[in-house]
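What follows is the residue order along each chain.
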2 protein chains.
Amino acid sequence: MPKDKVQKPRRPRAETPKGFRDYFGAEVLAREAMLDRITEVYRLHGFDPLESSAVETVEALGKFLPDVDRPNEGVFAWQDEDETWLALRYDLTAPLARVYAQHRLNLPTPYRRYAVGPVWRNEKPGPGRFRQFYQCDADTVGSASPAADAEMAAMTADVLEAVGIPRGDYIVRINSRRVLNGVMEAAGIYSEADPDAHAHVRGIVLRAVDKLDRLGREGVRALLGEGRRDESGDFTRGAELPEEAAEIVLAFTDARREDTAATLARLRELVGPSATGRAGIDELEAIAGLLDAQGYGTERIVLDPSVVRGLGYYTGAVCEAELTFEILDEKGRPRQFGSVAGGGRYDDLVRRFTGETVPATGVSIGVDRLLAALAAKGRSATALAGPVIVTVMDRHRLPDYQAMATELRRAGIRAELFLGGGNMARQLKYADRRAAPVAVIEGGNERERGVVQLKDLALGARLAADIDTHDEWKSQPAQVEVPRARLVEEVRAMLARGGR
Amino acid sequence: MPKDKVQKPRRPRAETPKGFRDYFGAEVLAREAMLDRITEVYRLHGFDPLESSAVETVEALGKFLPDVDRPNEGVFAWQDEDETWLALRYDLTAPLARVYAQHRLNLPTPYRRYAVGPVWRNEKPGPGRFRQFYQCDADTVGSASPAADAEMAAMTADVLEAVGIPRGDYIVRINSRRVLNGVMEAAGIYSEADPDAHAHVRGIVLRAVDKLDRLGREGVRALLGEGRRDESGDFTRGAELPEEAAEIVLAFTDARREDTAATLARLRELVGPSATGRAGIDELEAIAGLLDAQGYGTERIVLDPSVVRGLGYYTGAVCEAELTFEILDEKGRPRQFGSVAGGGRYDDLVRRFTGETVPATGVSIGVDRLLAALAAKGRSATALAGPVIVTVMDRHRLPDYQAMATELRRAGIRAELFLGGGNMARQLKYADRRAAPVAVIEGGNERERGVVQLKDLALGARLAADIDTHDEWKSQPAQVEVPRARLVEEVRAMLARGGR
């Protein structure tokens, strides 16, 4: 390159990486408030907090995401200087299995923990699909009891109501991977004697069934057979099941009947003599019985064999919570909001580390999806009241203005000194932008007389931009002159009169 | 490799990656409580929350860490599928500059935000040094006023007192990078006319001065000259300053005098005719005046030229908070606890993106260090009271036991059904391990008579392991029989009587 073409280093782009985003003010507070409500339910149920690191070794996380075609199978990974592969956690369950295996001698059994935090998926970014999102999980490690599974489904329903989803606007569906294995045994692709055989085909079947919502019955049928070409022309290879076997799997997804007993009976037909399938059905029956005894009717929690969950680590009961109301999508078309939580039993995840089976079950709330749902229903609005703004008329008197802000704060009133540049109009515009309830103004005249002006911005919520002279603001009805010595009391009174 | 040597895939290791750790129960709650207290101070001062993503592009983060010799200069980085280099944020300031540049048209000016979250540094792990830790920052973007810098120092002092560090146990030191530049101008390695010249040498000087605490005056002198060989034999190349220039820099770090006026006078001597240096001193004087007017005496916030901060992006005032009490290190030797917070003015960080200078200043609280400090002083202890444990005498009556736990929870009492295996002794041992205040016991006999046993575990805080038969627990004084219908009231009464 000729030397005169050498450019100055170009500026970095001020952009979040693709698929990431920022959360401002009220969005952050709304999430905090939601997490408080969710964790309160978990705590009430006896779960203790755990925070593991965001970074795990790739080998500890394992490969359980359905994103088999993505770079690093869907995780963000890099090599540490000692050559160990590290990755950002893709969920809170795989790290829990690592934590339990590592610290099991110092933990109670069962170990009941909740966890809150971001997880990262190396997915293809798209509208409304982010590569960092919050989960809030509860898990019971060390219990094989169906009561542990029932508790997860029940807590999911309780959590949804606690965050403001009314009964009737959600449904928790439960099912069992063991029953699915029983069905696959009937279809000839699972054998308890050699559980590793056909594992690859079963993975394809699982991911196909998990897409039932999106692809419909015929799309799933194609993926169970030769494969499916999507609208973009991409071809996904199928499980290549014989037609009869595919029919058994499809019948399983269709097995929901008018009540729990009828669904269980239909499942028994489908799994036939499979011991795995029968054991799974017995578990589902026990779970359904426990939920019924606690008064969770089928309008809240229902047995539904079409739910399988995409993650590879589940071994028993699975559950998924869906919001049933319609929202409008980006193109203004009504659609069901869809899944906001899910979980299940993963009895083999700790065994990966220790060689000993440790039964475990849990649920994960998709916090950001749930926030989006509440926003779509116009039910989020957690606003942080703006601060009282102490304006600056005379730059040489900063210490005096600062003293006012300090006095207000010592009285517990959110207050700040205006630190920008510009005239009073600009300061009042700033106060408006901050949704400030009150502005405090003190010029030389006020100073001499020992008073300050308090501008009630909540009351006078009109544009302040065209008010340019001192005399003009005095004529505003929403402004009062008070003794400087009574600053705190008068501001407090103005806030109490309504304010923002 | 001969085929019979092929091994089964080895188990993954159940270990956090090197330099990472897990936080359990009370540790998580203690951090939450501390973050609540810190953010309350920030909110009171008018700062709004912001949560940016943990992942940024490497170019957006820039290279400002002092770890020039570490892989990727101290960050965890990897390449995205579109070849963009991504990294975990190493602090919350660089991402703020990106956020402000990206969203500035929709943000108020000044933009005052606080942020909470983990940051990651690709440092060499060592005892007590972790590669993921929490920061809690407040920043004002868009204000050049010394009042903004003064506010950061004042808030730092307020935050430390709010989290439980008494006055006298901390000191906030302030200084100015502009004054340091003035000193370097006097030493011949800075010129306002060509600020990029000697940048590399100034970086070495900066990092050397930042190590004053650790290396002492002679260590810094070596790094200002030829270089320094450490105890391990590693040689760090120095700035190769002429002796006279090194003396000026060392005199700067020594410039603190008995009071602020004397320190300022000494600094004026050192910077001589440097306009940059004089402007920096004027700013320090203004900041010190504003702090004095607010009543922050020099026992809380002091002007101290030995503080420079290691990060490369500071351009003006800097501050650092240190805890002044002694703790015992891992080897039992007394040492000062050291720095727990710091910050400063970084007027050029937004300009990297936009080309326009945007003045900005902020402070970052090292949350995990501060938690460690409180723990070292025996002042952390945020305990989550254990749950009431409903034990399981008869596995066939799970729904009845579950109903008890549900009743307790509906009354707001933290309660869980025992979901593990084992006899009553094991269940009581579990209850003990969970620090449960009460265990609820109902056998067939109780069931017939419509009563339950409540075991006051807080009262009888002795080992439950040797209690094996039903009759034995009946004889315990810390156990009462109550009507099943009065379960909630009686548990509540027992909890009120003391409990854990």
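Residues numbered from 1 in each chain as written. Chains lettered and ligands numbered in written order. Predicted model: local features only at pLDDT ≥ 70, side-chain atom pairs only at ≥ 80, totals over all residues.

Time to look at the overall build of chain A. On a plain count of helices and strands, chain A comes out with 17 helices and 19 strands. Its C-alpha atoms give chain A a radius of gyration of 30 Å, clearly above 23 Å, the size a compact globule of 500 residues would have. Along the longest, intermediate and shortest principal axes, the C-alpha atoms of chain A span 95 × 75 × 50 Å. Across the 500 residues in chain A, those meeting the buried criterion constitute 47%. (Helix = DSSP H or I, 4+ residues; strand = E, 2+ residues; numbered from the N terminus. Rg over C-alpha atoms; globule rule 2.2 N^0.38 Å. Buried ≥ 20, exposed ≤ 12 C-beta atoms within 10 Å, placed from the backbone.)

Time to look at the relation of the copies chain B and chain A. In the superposition of chain B on chain A (RMSD 0.1 Å, axial shift 0.0 Å), the rotation amounts to 180°. Classification of the inter-copy transformation places it as that of a two-fold axis. If distances are taken from each C-alpha of chain B to the rotation axis, the shortest is found for Trp78 of chain B, at 2.8 Å. (Least-squares fit on C-alpha atoms with pLDDT ≥ 70 in both.)

Okay, the sheet that holds strand S4 (residues 77-79) of chain A next. Consider a sheet: its strands pair through backbone hydrogen bonds, and that pairing is either parallel or antiparallel. All names here are of chain A. The sheet built from three strands is open, its strands ordered S3-S5-S4 with antiparallel pairing. Since the sheet does not close on itself, it has two edges, and those belong to strand S3 (55-57) and S4, each with one partner. Ignoring which end each strand starts from, the neighbouring axes of this sheet average 35° apart. As defined by bridge partners, S4 adjoins strand S5 (residues 85-88) across three bridges and the pair is classed as antiparallel. Following the sheet pairing, Trp78 is matched in S5 by Leu86. (Pairing = 2+ DSSP bridges. Axes fitted to C-alpha atoms, helices over the stretch in contact; angles between N-to-C directions.)

Attention shifts here to the environment of Leu459 of chain A. In this fold, Leu459 of chain A is placed in the loop between strand S18 (451-456) and helix H16 (470-474). Once the C-alpha coordinates of Leu459 of chain A and Arg217 of chain A are considered, the two residues, 242 residues apart in sequence, prove to be 58 Å apart.

Domain annotation of chain A identifies domain 1 (25-376) and domain 2 (388-496). For domain 1 of chain A versus domain 2 of chain A, the distance between C-alpha centres works out to 54 Å. (Domains from an automatic or database assignment.)

A few words now on the interface of chain B and chain A. Contact with chain B, which involves 77 residues of that partner, is made by 77 residues of chain A. Of all the elements, helix H13 (residues 398-410) of chain B adds the most residues to the side of chain B that touches chain A, at six residues. Here the residues of the side of chain B that touches chain A sort into 38 nonpolar, 20 polar and 19 charged. Looking at chain direction, strand S1 (residues 23-24) of chain A and strand S2 (residues 48-51) of chain B are connected through two bridges and run antiparallel. (Contact = placed C-beta atoms within 7 Å. Nonpolar A, V, L, I, M, F, W, Y, C, P; charged D, E, K, R; others polar.)

Next up on the list: unusual backbone geometry. All names here are of chain A. Of note, the bond from Thr109 into Pro110 is cis; its omega dihedral lies within 30 degrees of zero at -5°. In this structure, Pro110 sits in the loop between helix H3 (93-103) and strand S6 (111-120). With phi around 80°, Glu83 is a residue other than glycine that occupies positive phi space.

Extensive coverage of helix H3 (residues 93-103) of chain B is indicated by the burial of nine of its 11 residues. For H3 of chain B, the complete set of buried residues consists of Thr93, Ala94, Pro95, Leu96, Ala97, Arg98, Val99, Tyr100 and Ala101 of chain B.

On to the sheet that holds strand S12 (residues 317-328) of chain A, then. The mixed open sheet is built from nine strands, whose spatial order is S11(A)-S8(A)-S12(A)-S13(A)-S14(A)-S7(A)-S6(A)-S2(A)-S1(B). Among the strands making up the open sheet, the edge pair consists of strand S11 (301-303) of chain A together with strand S1 (23-24) of chain B. Taken together, the two bridges between strand S2 (residues 48-51) of chain A and S6 of chain A define a ladder with parallel strand orientation. Bridge pairing in S6 of chain A links Pro49 of chain A to Tyr114 of chain A. The strands that helix H5 (residues 177-186) of chain A touches are strand S8 (170-176) and S12 of chain A; relative to S8 of chain A, the one it contacts most, it runs at about 50°.

Okay, the packing of helix H5 (residues 177-186) of chain B against helix H10 (residues 275-293) of chain B next. All names here are of chain B. Relative orientation of the contacting elements H5 and H10 amounts to 150°, with a least axis distance of 7 Å. Classed by the angle they form, the pair H5 and H10 counts as roughly antiparallel. Where H5 crosses over H10, the handedness of that crossing is left-handed. Contacts from Arg178, Val179, Asn181, Gly182, Val183 and Glu185 in H5 reach Thr276, Gly277, Arg278, Ala279, Gly280, Ile281, Glu283 and Leu284 in H10. The residue inventory of the contact of H5 with H10, partitioned by class, reads five nonpolar, five polar and four charged. (Parallel < 35°, antiparallel > 145°, perpendicular 65-115°, else oblique. Left-handed = near helix turned anticlockwise from the far one by under 90°.)

This next bit is on the pairing of S18 of chain A. All names here are of chain A. Most of S18 is tucked away: five of the six residues are buried. Inspection of the sheet shows strand S17 (residues 438-441) paired to S18 by four bridges, in the antiparallel sense. Note that in S18 the partner of Val440 across the bridge is Leu454.

Another point: the environment of Gly312 of chain B. Residue and element names in this part refer to chain B. Within the element layout of this structure, Gly312 appears in the loop between strand S11 (301-303) and strand S12 (317-328). Assessed through the 17 C-beta atoms surrounding it within 10 Å, Gly312 is described here as partly exposed. Gly312 sits 122 residues away from Tyr190 along the chain, and the two C-alpha atoms are 15 Å apart. Excluding its chain neighbours within four sequence positions, the residues that come into contact with Gly312 are Phe64 and Gly203.

This part covers the environment of Gln79 of chain A. All names here are of chain A. Its location among the elements puts Gln79 in strand S4. By C-beta crowding, Gln79 is classed as exposed, having 12 other C-beta atoms within 10 Å. When the C-alpha positions of Gln79 and Thr57 are compared, they lie 9.5 Å apart, and in sequence the two are 22 residues distant.

Residues and elements named next belong to chain A. With 13 residues, helix H13 (residues 398-410) should reach 18 Å at 1.5 Å per residue; the first-to-last C-alpha distance of 18 Å fits that figure. Listed in full, the buried residues belonging to H13 are Leu398, Tyr401, Gln402, Met404, Ala405, Thr406, Leu408 and Arg409. Of the residues flanking the end of H13, it is Gly412, one or two places downstream, whose phi is positive at about 85°. (Expected span 1.5 Å × (residues − 1).)

All names here are of chain A. Scored by pLDDT, chain A comes out at a mean of 90, with 93% of its residues at no less than 70. Mean pLDDT values over the elements of chain A span from 50, in H16, up to 98, in S2. In the model, residues 462-466 has pLDDT below 50 throughout and makes six contacts with residues more than four positions away in sequence or in other chains. Prediction confidence for the complex, expressed as pTM and ipTM, is 0.91 and 0.90 respectively. (pLDDT = per-residue confidence, 0-100.)

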